[in-house]
Amino acid sequence: MRVKCVLCEQIEKVKPYSLLAKKLRKRRIQTYICNECYERISEKTIERRKNEKF
């Protein structure tokens, strides 16, 4: 199954019978984010949480 990251528009292949593929097929509203974007977002979130303005 081919999926596209909503942030960087990178196309990746996901095994068609994996749990992620099943979730994406079942709920079309749910979007896919690649690992690189997910890690980048989580790092920035952790930095903002350390700040008192979060």
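Residues numbered from 1 in each chain as written. Predicted model: local features only at pLDDT ≥ 70, side-chain atom pairs only at ≥ 80, totals over all residues. Heavy atoms only, no water.

Peer 1: Honestly, the environment of Ala21 in this entry has me stumped. Any pointers?
Peer 2: Within the element layout of this structure, Ala21 appears in helix α1 (residues 19–26). Among the residues examined, Ala21 registers a relative accessible area of 0% and is labelled buried. Sequence separation between Ala21 and Glu47 is 26 residues; the distance between their C-alpha atoms is 31 Å. In this structure Ala21 touches Met1, Val14, Lys15 and Pro16, once residues within four positions along its chain are discounted. (Helix = DSSP H or I, 4+ residues; strand = E, 2+ residues; numbered from the N terminus. Buried < 20%, exposed > 50% of the residue type's maximum accessible area, 1.4 Å probe, protein only. Contact = heavy atoms within 4.5 Å.)

Peer 1: Would you mind going over the environment of Ser18 with me for this structure?
Peer 2: Locating Ser18 in the fold gives a position in the loop between β2 (11–13) and α1. Given the relative accessible area of 22%, Ser18 is considered partly exposed. Spatially, the C-alpha atom of Ser18 lies 9.7 Å from that of Met1, the residues being 17 residues apart in sequence. Within the structure, Ser18 has its side chain in polar contact with the backbone oxygen of Lys15 (distance 2.9 Å). (Polar contact = N/O pair within 3.5 Å; in protein donor to acceptor, adjacent residues only side chain to side chain.)

Peer 1: Hey, could you run me through a positive patch on the surface in this one?
Peer 2: On the surface, Lys22, Lys23, Arg25, Lys26, Arg27 and Arg28 cluster together to form a positively charged patch. Tracing the backbone through its elements, the reader meets Lys23 in helix α1. (Patch = residues over 30% accessible without salt bridge, like charges linked within 9 Å, V, L, I, M, F, W, Y side chains within 5 Å. Areas by Shrake-Rupley, 256 points an atom, 1.4 Å probe, with all protein chains shown as cover. Salt bridge = Lys/Arg side-chain N within 4 Å of Asp/Glu carboxyl O. Lys, Arg positive; Asp, Glu negative; His and termini not counted. Charge placed at Lys NZ, Arg CZ, Asp CG, Glu CD.)

Peer 1: What is the right way to read the environment of Met1 from this model?
Peer 2: Secondary-structure assignment places Met1 in the segment before β1 (2–4). C-alpha separation for the pair Met1 and Ala21, spaced 20 residues apart in sequence, amounts to 7.2 Å. With residues near it in sequence (within four places) discarded, Met1 still touches Glu12, Lys13, Val14, Pro16, Ala21, Leu24 and Arg25.

Peer 1: Even after reading the chapter, I still don't get the confidence of the model for the protein, so can you show me in this structure?
Peer 2: Fine structural detail should not be taken from predicted coordinates in areas where pLDDT scores are low. Predicted confidence across the protein gives a mean pLDDT of 89, with 98% of residues reaching 70 or more. Per-residue pLDDT, averaged within each element of the protein, yields its smallest value for α1 (90) and its largest for β2 (92). (pLDDT = per-residue confidence, 0-100.)

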